[in-house]
Amino acid sequence: MSAIDPTTGPCPCGRTDRRDKPIGYALCCGRYLDDFENTPAPDAESLMRSRYSAFVLQRAEYLLATWHASKRPASIDVEPGVKWLRLDIRSRSVLEADHAEVEFVARQRSSTGTATRLHERSRFVREGERWYYLEGDLQQPLA
Ligand SMILES: [Zn+2]
């Protein structure tokens, strides 16, 4: 079970509005996770954030659907004991109209209490109106 209330809770991805207030899940990643067919994430950062939220909410089907077919694994194991703590977007760059990179740090804690930082530079590609996660390079572990 997730502690996040999808109707009123802040979005797991931590996005804030112009006044630095947390944006609610329903107005942030929920738009994409809960209406995949009709509401594609409009840019690579939004897709990256929604995929983080999908990890938090254990929505494996969304992770697979937003993974580019050329790189998509057959299945995803969402580790039930992992607690995702926060996401920090470090940089985002649009390389061409249909290619973008997002660098992020995601913090998680395993069921045994071990804290981990996942630092990745992810590549995204757009096909039609939809962005897809292509693949990512793990960055050197942070000190
Ligand atoms: Zn979000």
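So, a few notes on the structure that sits alongside this text. Throughout this document, residue positions are counted from 1 along each chain, in the order its sequence is written. Restriction of local features to residues with pLDDT of at least 70 applies here, the model being predicted, together with a cutoff of 80 or more for giving and counting side-chain atom pairs; totals for whole chains, interfaces and linings are based on all residues.

### A few points about the overall build of the protein
Thinking step 1. We count a stretch as a helix when DSSP gives it H or I for four or more residues in a row; a strand needs E for two or more, and each element gets its number in order from the N terminus. Along its length, the protein carries 3 helices and 4 strands.
Thinking step 2. Mapped in sequence order, the helices and strands of the protein form the string α-α-α-β-β-β-β.
Thinking step 3. Over its C-alpha trace the protein gives a radius of gyration of 15 Å, about what one expects of a compact globule, namely 15 Å for 143 residues.
Thinking step 4. Three exposure classes are used, all based on how many other C-beta atoms lie within 10 Å of a residue's own C-beta (placed from the backbone): buried at 20 or more, exposed at 12 or fewer, and partly exposed between those limits. Scored against the burial criterion, the 143 residues of the protein give a buried share of 27%. Two things to know: the radius of gyration comes from C-alpha atoms, and the globule rule equals 2.2 Å times the number of residues to the power 0.38.

### Brief notes about the pairing of strand 1 (residues 83–96)
Thinking step 1. By the criterion of burial, strand 1 is predominantly exposed, with just 1 of the 14 residues buried.
Thinking step 2. Bridging between strand 1 and strand 2 (residues 99–109) involves 11 bridges; their strand directions are antiparallel. Each residue of the ladder has a partner; that of Val-94, found in strand 2, is Ala-100. In short, DSSP must find at least two bridges between two strands for them to pair.

### Remarks on unusual backbone geometry
Thinking step 1. Backbone geometry at Asp-20 places phi at a positive 70°, although glycine is not the residue there.
Thinking step 2. For Asp-20, the location among the structural elements is in the segment before helix 1 (30–33).
Thinking step 3. Using a count of 6 C-beta atoms within 10 Å as the deciding quantity, one classes Asp-20 as exposed.
Thinking step 4. With a phi angle near 55°, Gln-58 is a residue other than glycine that sits in the positive phi range.
Thinking step 5. Within the element layout of this structure, Gln-58 appears in the loop between helix 2 (44–56) and helix 3 (60–65).

### Some thoughts on the sheet that holds strand 3 (residues 115–127)
Thinking step 1. The antiparallel open sheet is built from 4 strands, whose spatial order is 1-2-3-4. The open sheet terminates on both sides in strands that have one partner only, identified here as strand 1 and strand 4 (130–138). Adjacent strand axes in the sheet meet at a mean angle of 25°, parallel and antiparallel pairs treated alike.
Thinking step 2. Here 11 bridges tie strand 2 to strand 3, and the two strands are oriented antiparallel to one another. When the bridges of strand 3 are listed, Glu-101 appears paired with Arg-123.
Thinking step 3. Contact criterion: two residues are in contact if their C-beta atoms, reconstructed from the backbone, are within 7 Å. To define axes, lines are fitted to C-alpha atoms, for helices over the stretch in contact only, and angles between the resulting N-to-C directions are given on a 0 to 180 degree scale. In the packing of helix 2 onto the sheet, the strands contacted are strand 1, strand 2, strand 3 and strand 4, and the crossing angle to strand 1 comes to about 160°.

### Examining the pairing of strand 4
Thinking step 1. Pairing analysis gives 8 bridges linking strand 3 to strand 4, with the strands arranged antiparallel. Bridging from a neighbouring strand, Glu-120 pairs with Leu-138 of strand 4.
Thinking step 2. Hairpin connection of strand 3 to strand 4: 2 residues between the antiparallel strands, including Gly-128 at a positive phi of 65°.

### Considerations on the nonpolar core
Thinking step 1. Formed by 27 residues in total, the largest nonpolar core has its most connected members in Cys-29, Ala-44, Leu-47, Tyr-52 and Phe-124.
Thinking step 2. Mapped by element, the contributors of at least two residues to this core are helix 1, helix 2, helix 3, strand 2 and strand 4.
Thinking step 3. Ranked by the residues each element gives to this core, the list is headed by helix 2, at 7 residues. Here, a nonpolar core denotes buried Ala, Val, Leu, Ile, Met, Phe, Trp, Tyr and Cys residues that are linked to one another through C-beta atoms within 7 Å.

### Re the environment of Thr-112
Thinking step 1. Following the sequence through the fold, Thr-112 ends up in the loop between strand 2 and strand 3.
Thinking step 2. Its 6 C-beta neighbours within 10 Å are what place Thr-112 among the exposed residues.
Thinking step 3. Residues Thr-112 and Thr-66, spaced 46 residues apart in sequence, show a C-alpha to C-alpha distance of 30 Å.

### With respect to the environment of Pro-40
Thinking step 1. For Pro-40, the location among the structural elements is in the loop between helix 1 and helix 2.
Thinking step 2. Given 20 C-beta atoms within 10 Å, Pro-40 falls into the buried group.
Thinking step 3. Contacts of Pro-40, omitting those with residues within four sequence positions, involve Tyr-32, Glu-129, Arg-130 and Trp-131.

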